[in-house]
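Listed here are the chains, written in short residue letters.
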Amino acid sequence: MKKIKIFSPATVANVSCGFDVLGFCLDTIGDEMIIRKTKTKGITITKIEGFDLPYEAEKNVAGVSALALIADAKPDCGFEIEIYKNIKPGSGVGSSSASAAGSVFAINELLGKPYNTTELTYFAMKGEALASGSEHADNIAPALFGGFTLVKSCTPLKVLQLPTPSELYATIIHPEIEIKTAEARAILPENVALKSAITQWANVGSLVHALHTNDYDLLSESLNDGIIEPHRKQLIPYYDAIKSESIKADPLGCSISGSGPSIFALSKGEETAKRVAEAMSSVYSKTDINFNIYVSKINTQGMRIMNNE
Ligand code: HSE
């Protein structure tokens, strides 16, 4: 195989209560990338469409993760990367992770799959760190593994794949403002009260149990975040209004997607997810904020090979 074209999906990190550990993969939003083997060693980024991002491999998240992989694999060839970005950087649905994970997934395929998915997650974290200033894997893991994932630890890296209840749909509203992950992390407190921590880890545990047992009611009860959301919601215009309108359409829960500004809701069934989309849209429609709205099934596959030669 000399050339591969892939779909690299958007993802929702945190999933309300699981800051830096939980994430899930989206189906209808994502980037495309074409990677070719070259005789010249190293990583060359030859095309970026969609958004203005650096071409130097050392300054580009897809380049940094690819460089981490080839530093370990020492292949007898190099790679050219074309990036067709649909996921806006700073939108809160894993734009940098899609690039970082996409390049290592594709290169691994071209090399005959020497690495497993956890090892690819490790290389992709190097790219993510360039964008966000910290090595977390809660967007990268669901992009590579698909479905819901829990990052049990980063050092050593351990990712758990969680089951996806079949009727689960996500609604995502993306107001067109940019929030840099590093800035959204900088406003968070160093310490949290024990009482809040207890509630939060009980919610993470019950959310994981709900996914294993297809318990939509328990899932709904678990989608609460008393630690991160109160700080970050101030960065997102009309956050409280979006949340209270969406709740009228009866989703299982609604919270900030990753570090925002996107807001996600999870619903049982596509019809409810579409009603949530209408409710969310009605809030921004009355303002001068441009927005995109998506309804997506949970993508249990993760990365998708579109074609190869
Ligand atoms: N867990 C990360 C955060 C996801 O919320 O900061 C964004 O990269």
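The numbers attached to residues start from 1 for each chain and follow its sequence in the written order. The predicted origin of the model limits local features to residues at a pLDDT of at least 70 and limits the giving and counting of side-chain atom pairs to 80 or more, whereas totals for whole chains, interfaces and linings rest on all residues. With hydrogens and water set aside, each side-chain value is computed from the structure's full complement of heavy atoms.

Undergrad: Let's hear about helix H10 (residues 270-285): which residues, and what values?
TA: Where helices and strands are cited, they refer to DSSP runs of H or I of at least four residues and of E of at least two residues respectively, numbered from the N terminus. The span you would expect from a helix comes to 1.5 Å times its residue count less one. End to end, H10 covers 22 Å across 16 residues, agreeing with the expected 22 Å (1.5 Å per residue, within 8%). Of all the positions in H10, only Thr272, Ala273, Val276, Ala277, Ala279, Met280, Ser281, Val283 and Tyr284 are classed as buried. In this analysis, two residues are considered to be in contact whenever any of their non-hydrogen atoms come within 4.5 Å of each other. Elements in contact with the buried residues of H10: strand E7 (168-175), helix H9 (239-248), strand E8 (253-256), strand E9 (263-268) and strand E10 (291-297). Each residue is placed in one exposure class: buried if its accessible area under a 1.4 Å probe, protein chains only, is under 20% of its type's maximum, exposed if it is over 50%, and partly exposed if it falls in between.

Undergrad: Residues and numbers for the nonpolar core, please.
TA: Note on terminology: a nonpolar core comprises buried Ala, Val, Leu, Ile, Met, Phe, Trp, Tyr and Cys residues joined through side-chain atoms within 4.5 Å. Core analysis: the biggest nonpolar cluster contains 40 residues, and Ile35, Ile43, Leu69, Phe79, Ile81 and Leu144 have the highest contact counts within it. Considering every element that reaches this core, the biggest residue donor is helix H2 (residues 95-110), with seven residues. In this view, Leu144 contacts Ala101, Phe105, Thr117, Leu120, Thr121, Gln301 and Met303; residues no more than four positions away in its chain are not counted. Core analysis: the next-biggest nonpolar cluster, separate from the first, contains 30 residues, Leu22, Ile87, Leu168 and Ile298 among them.

Undergrad: I'd like a rundown of the side chain of Lys85, residues and numbers included.
TA: Inspection of the secondary structure puts Lys85 in the loop between strand E4 (78-84) and H2. Polar contact criterion, stated in full: a pair of N or O atoms within 3.5 Å, where within protein one must be able to donate a hydrogen and the other to accept it, and residues adjacent in sequence count only if both atoms are side-chain atoms. Here the side chain of Lys85 touches Ser95 through a polar contact of 3.1 Å, landing on its backbone oxygen. Reaching out from Lys85, the side chain makes a polar contact with the side chain of Ser99 at a distance of 2.8 Å. With residues near it in sequence (within four places) discarded, Lys85 still touches Asp31, Glu49, Gly50, Phe51, Leu53, Ser95 and Ser99.

Undergrad: So, the sheet that holds E7: which residues are in play, and what are the values?
TA: Pairing between two strands is assigned when DSSP locates at least 2 bridges connecting them. As summarised here, the arrangement of the four strands in space is E8-E9-E7-E10, forming an open sheet in which the pairing is antiparallel. Taken across any chain shown, the strands that pair with only one partner, and hence form the sheet edges, are E8 and E10. Averaged over all pairs of adjacent strands, the angle between strand axes in this sheet comes to 20°, irrespective of strand direction. Bridge count between E7 and E9: six bridges; the pairing is antiparallel. An axis is simply a line fitted to the C-alpha atoms; with a helix, the fit covers only the stretch in contact. Between two such axes, the angle follows the N-to-C directions and lies from 0 to 180 degrees.

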